[in-house]
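# Summary of the model geometry
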Amino acid sequence: MYTGRDEVHIRALEHLDEGKDVPDCLNGAALYHCGPIMKQDDDGKWSVVAAGPTTSARMNALEPRFIREFKIRAIIGKGGMSKEVAEAMKEVGCVYLAATGGVAVSYAEGLSKVTGCDWLDLGMPEALWHFQTSSLGPLVVAIDSEGNSLYETVRQKVAENLSKQ
Amino acid sequence: MVVKLPEPREKVIENLLRLANTKLPADIGWALEAAAGWETNPTAASQLGAIMENVRKAELLAKPMCQDTGIPIFYVRGKFDSTIAEDIAQAVKNCTKAIPMRPNTVDPIIRVNYGNNLGDGMPCIHFIPTNDDFTEIAVMLKGAGSENMTKLKMLNPSDGMEGVKKFIIDSVIEAGGRPCPPGIVGVGIGGTADECVAMAKRALLEPLDMEDPDADIQALEEELFVKINQSGLGPMGLGGDTTVLGVKVRKSACHTASLPVAVNIGCWATRRACARITDTDVFYSQGVRL
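In what follows, the accompanying structure is described. For clarity, every value in this text was computed on a predicted model and none was experimentally measured. (Residues numbered from 1 in each chain as written. Chains lettered and ligands numbered in written order. Predicted model: local features only at pLDDT ≥ 70, side-chain atom pairs only at ≥ 80, totals over all residues. Heavy atoms only, no water.)

### Some points on the overall build of chain B
Assigned secondary structure in chain B consists of eight helices and 10 strands. Computed over C-alpha atoms, the radius of gyration of chain B comes to 19 Å, within 12% of the 19 Å expected from 2.2 N^0.38 for 290 residues, which places it in the range of a compact globule. Summarising its shape, the C-alpha atoms of chain B cover approximately 50 × 50 × 45 Å along the three principal directions. Out of the 290 residues belonging to chain B, those deemed buried represent 56%. (Helix = DSSP H or I, 4+ residues; strand = E, 2+ residues; numbered from the N terminus. Rg over C-alpha atoms; globule rule 2.2 N^0.38 Å. Buried < 20%, exposed > 50% of the residue type's maximum accessible area, 1.4 Å probe, protein only.)

Take a look at the structure:
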């Protein structure tokens, strides 16, 4: 699993446009919208302290192209994404898994190993961290690979409930 | 909790940052437990369960409950001088490494990370001088997920309280799952534009079980609490009975031609800590009405 938020999206797409290298790991990746707290020991080895999801909607504008270019298979985040993103997900066969916001210690436990990092110059939250995962959760399939969105269902229900008030 | 002095002021501020990061205020913990008790939606119940489990782990392991350790916003009340700003800055820098807190501050234009949670205009401190013989320092850690949902609207006086309520409810619903509900809705009504937003945020510092002295405000808070929860938006916007744990409203006099209203949402992890420093003791708590 690889983390990527605002700056990873911006740089990866810029690099594609400019014909520069983009880390291979993004191809077919499970992308975690997350800016973790990482700790480096005296030997330079990184470990994860806290790693809950960030707000996915910030990436709405760049995500459709990102998904198509890198054939992203799963996105883990919070708050859901736009219809345009769901369209791209449908084309590529990608699911959106909603992680519980703020549950950073539990998700950090599910990221069992730090296997690498690219673009650390973007700063700790924005870097592209590589993780091995085991029992990461809870995760709710909130947008499936056919474009069905739990957020959309809830939104309609909310509008209905509010109209009764 | 009471600690006997001498405890250097910088150390007190470090204690506040550690406390706020690792221990959820008791009033929010109780509200979450109550919510888990009444929640009927299984997805929502799973979200609340995950939150409560994470809160327990964070406290036990002394780790930040959320990776977004936010921008620490400080409030200093009572007697103080300008050196307190230096102590706060030093404590923020030390805690960024020691707790650790995520280095969050960047230059807004070139987006380069300062690496220490400081930088131009930081740390963010509000000063409230009074004639008291104590110094009170409060900190709230404000993550971007909730802060980015902040709204201010300069309504027309003719919009009235109906307009105010509609704006507040719409703001919370539009924010959806982004500010990590169920949290606290901080509301400012009146004042000037800047004061209105400041009130909305200051309202979040207040414990949920503290009642507003004004009966009209109490009634408004109750009405908004019920209506927003009846929406069914639910924890993380995934549906359910629990969208907010509390609504806190503050008001201030305003211009006869204005009706400012501001919404500043606190996520479920509305992390706060306060210390009142007297000549002999430090009293720690996790909520204060300012």
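### A short note on the packing of helix 1 (residues 9–22) of chain B against helix 4 (residues 83–98) of chain B
All names here are of chain B. In the contact formed by helix 1 and helix 4, the axes pass within 8 Å of each other and the chain directions differ by 50°. Accordingly, the angle class assigned to the pair helix 1 and helix 4 is oblique. In this structure, helix 1 meets helix 4 at a crossing whose hand is right-handed. Contacts from Arg9, Glu10, Ile13, Glu14, Leu17 and Arg18 of helix 1 reach helix 4 at Thr83, Ile84, Asp87, Ile88, Gln90, Ala91, Val92, Asn94, Cys95 and Ala98. The class makeup of the residues in the contact of helix 1 with helix 4 is eight nonpolar, three polar and five charged. (Axes fitted to C-alpha atoms, helices over the stretch in contact; angles between N-to-C directions. Parallel < 35°, antiparallel > 145°, perpendicular 65-115°, else oblique. Left-handed = near helix turned anticlockwise from the far one by under 90°. Contact = heavy atoms within 4.5 Å. Nonpolar A, V, L, I, M, F, W, Y, C, P; charged D, E, K, R; others polar.)

### Examining the sheet that holds strand 6 (residues 183–190) of chain B
Strands pair in a sheet through their backbones, by hydrogen bonds, and they do so in one of two ways: parallel or antiparallel. Residue and element names in this part refer to chain B. On the basis of which strands lie adjacent, the open sheet formed by four strands has the order 5-8-6-7 and mixed pairing. The outermost strands of the open sheet, each flanked by one partner alone, are strand 5 (151–155) and strand 7 (244–252). Ignoring which end each strand starts from, the neighbouring axes of this sheet average 15° apart. Note that strand 6 and strand 7 share eight bridges and pair parallel. Its bridge partner being in strand 7, Ile184 is matched across the sheet by Gly246. Against the sheet, helix 6 (residues 160–175) contacts strand 5, strand 6, strand 7 and strand 8 (259–266), and its axis sits at roughly 30° relative to strand 8. (Pairing = 2+ DSSP bridges.)

### Some thoughts on the interface of chain A and chain B
Listed by partner, the interface residues are 39 residues for chain A and 37 residues for chain B. Between chain A and chain B lies a buried interface of about 3000 Å² when both sides are counted; carbon and sulfur atoms form 63% of it. Considering only the surface of chain A that becomes buried against chain B, A:Ile37, A:Val105 and A:Gln165 emerge as the three largest contributors, covering 18% of it. Joining chain A to chain B, the criterion identifies one salt bridge. On inspection of chain A and its partner chain B, the count reaches 17 residue pairs in polar contact (both at pLDDT 80 or more). For the side of chain A that touches chain B, the per-class residue count stands at 21 nonpolar, 11 polar and seven charged. (Buried area = accessible area lost by both parts, 1.4 Å probe. Salt bridge = Lys/Arg side-chain N within 4 Å of Asp/Glu carboxyl O. Polar contact = N/O pair within 3.5 Å; in protein donor to acceptor, adjacent residues only side chain to side chain.)

### Some points on the packing of aromatic side chains
All names here are of chain A. Under the defined criterion, the tally for this structure stands at four aromatic pairs over all chains. Taken together, a centroid distance of 5.0 Å and an interplanar angle of 70° make the contact between Trp46 and Trp129 edge-to-face. Note that Trp46 is positioned in strand 4 (residues 46–50) and Trp129 in strand 8 (residues 128–133), a separation of 83 residues in sequence. Residue classification places Trp46 among the partly exposed residues on the basis of a relative accessible area of 21%. Its relative accessible area of 0% is what places Trp129 among the buried residues. (Phe/Tyr/Trp six-rings, centres within 6.5 Å; stacked < 30°, edge-to-face > 60°.)

### Here's the deal with the nonpolar core
By size, the foremost hydrophobic cluster in this structure holds 81 residues, and its most contacted members are A:Phe66, A:Ile72, A:Tyr96, B:Leu32 and B:Trp268. In terms of residue count, the dominant contributor to this core is helix 3 (residues 42–61) of chain B (six residues). Built from parts of two domains, this core gets at least three residues from each of domain 1 (9–24 + 65–143 + 271–285) and domain 2 (145–266) of chain B. Other than its neighbours up to four places away in sequence, A:Ile72 contacts A:Leu26, A:Ala29, A:Leu31, A:Phe66, A:Ile67, A:Val92 and A:Cys94. (Core = buried A, V, L, I, M, F, W, Y, C linked by side-chain atoms within 4.5 Å. Domains from an automatic or database assignment.)

### Overview of helix 3 of chain B
Relative to the 28 Å expected for 20 residues at 1.5 Å per residue, helix 3 of chain B spans 28 Å between its end C-alpha atoms, a close match to the ideal helical length. Residues B:Ala44, B:Gln47, B:Leu48, B:Ala50, B:Ile51, B:Met52, B:Asn54, B:Val55, B:Lys57 and B:Ala58 constitute the buried set of helix 3 of chain B. Elements that come into contact with the buried residues of helix 3 of chain B comprise helix 4 (104–110) and strand 9 (139–143) of chain A together with helix 1 and helix 2 (26–38) of chain B. The backbone nitrogen of B:Thr43 lies 2.8 Å from a side-chain oxygen of the residue at the head of helix 3 of chain B, namely B:Asn41. (Expected span 1.5 Å × (residues − 1).)

### Here we look at empty space enclosed by the protein
Residues and elements named next belong to chain B. For the coordinates displayed, the defined rule picks out one cavity of 30 Å³ or more. In this model, the largest cavity occupies a volume close to 60 Å³. Every residue along the wall of the largest cavity is listed here: Val172, Gly176, Pro179, Pro181, Gly183, Val185, Thr243, Val244, Ile265 and Gly266. Contributing elements (two or more residues each) for the lining of the largest cavity: strand 6 and strand 8. Residues of the lining of the largest cavity, tallied by class, amount to six nonpolar, four polar and no charged. (1 Å grid on protein atoms, 1.4 Å probe; cavity = no way out; pocket = protein on both sides within 12 Å on 5 of 7 lines; lining within 4 Å. Points joined across faces, edges and corners; volume = space filled by probe spheres on them.)

### Here's the deal with the layout of surface pockets
Over the atoms, a rolled probe matching the size of one water molecule traces out where space is still vacant. Here the largest pocket is characterised by a volume of approximately 840 Å³. In terms of lining, the largest pocket is formed by 44 residues, of which the most central are A:Arg5, B:Asp68, B:Arg102, B:Asn104 and B:Ala144. Residue assignment for the lining of the largest pocket shows that the elements contributing at least two residues are helix 1 (6–18) of chain A together with helix 5 (144–147) of chain B. Examining the composition of the lining of the largest pocket, we find that four residues originate from one element, helix 5 of chain B, more than from any other. A class-by-class count of the residues in the lining of the largest pocket yields 17 nonpolar, 13 polar and 14 charged. Residue contributions to the lining of the largest pocket reach at least three from each of two domains, namely domain 1 (9–24 + 65–143 + 271–285) and domain 2 (145–266) of chain B. Taken together, 27 residues form the lining of the second largest pocket, with A:Gly79, A:Met81, A:Tyr151, A:Glu152 and A:Arg155 sitting closest to its centre. When residues of the lining of the second largest pocket are traced back to their parent elements, those giving at least two are helix 3 (83–92) and helix 5 (150–163) of chain A together with helix 6 of chain B. Per element, the largest residue contribution to the lining of the second largest pocket is seven residues, and it comes from helix 5 of chain A. Broken down by class, the residue content of the lining of the second largest pocket amounts to 12 nonpolar, nine polar and six charged.

Interpretation note: all reported values are geometric properties and have no functional meaning in isolation.
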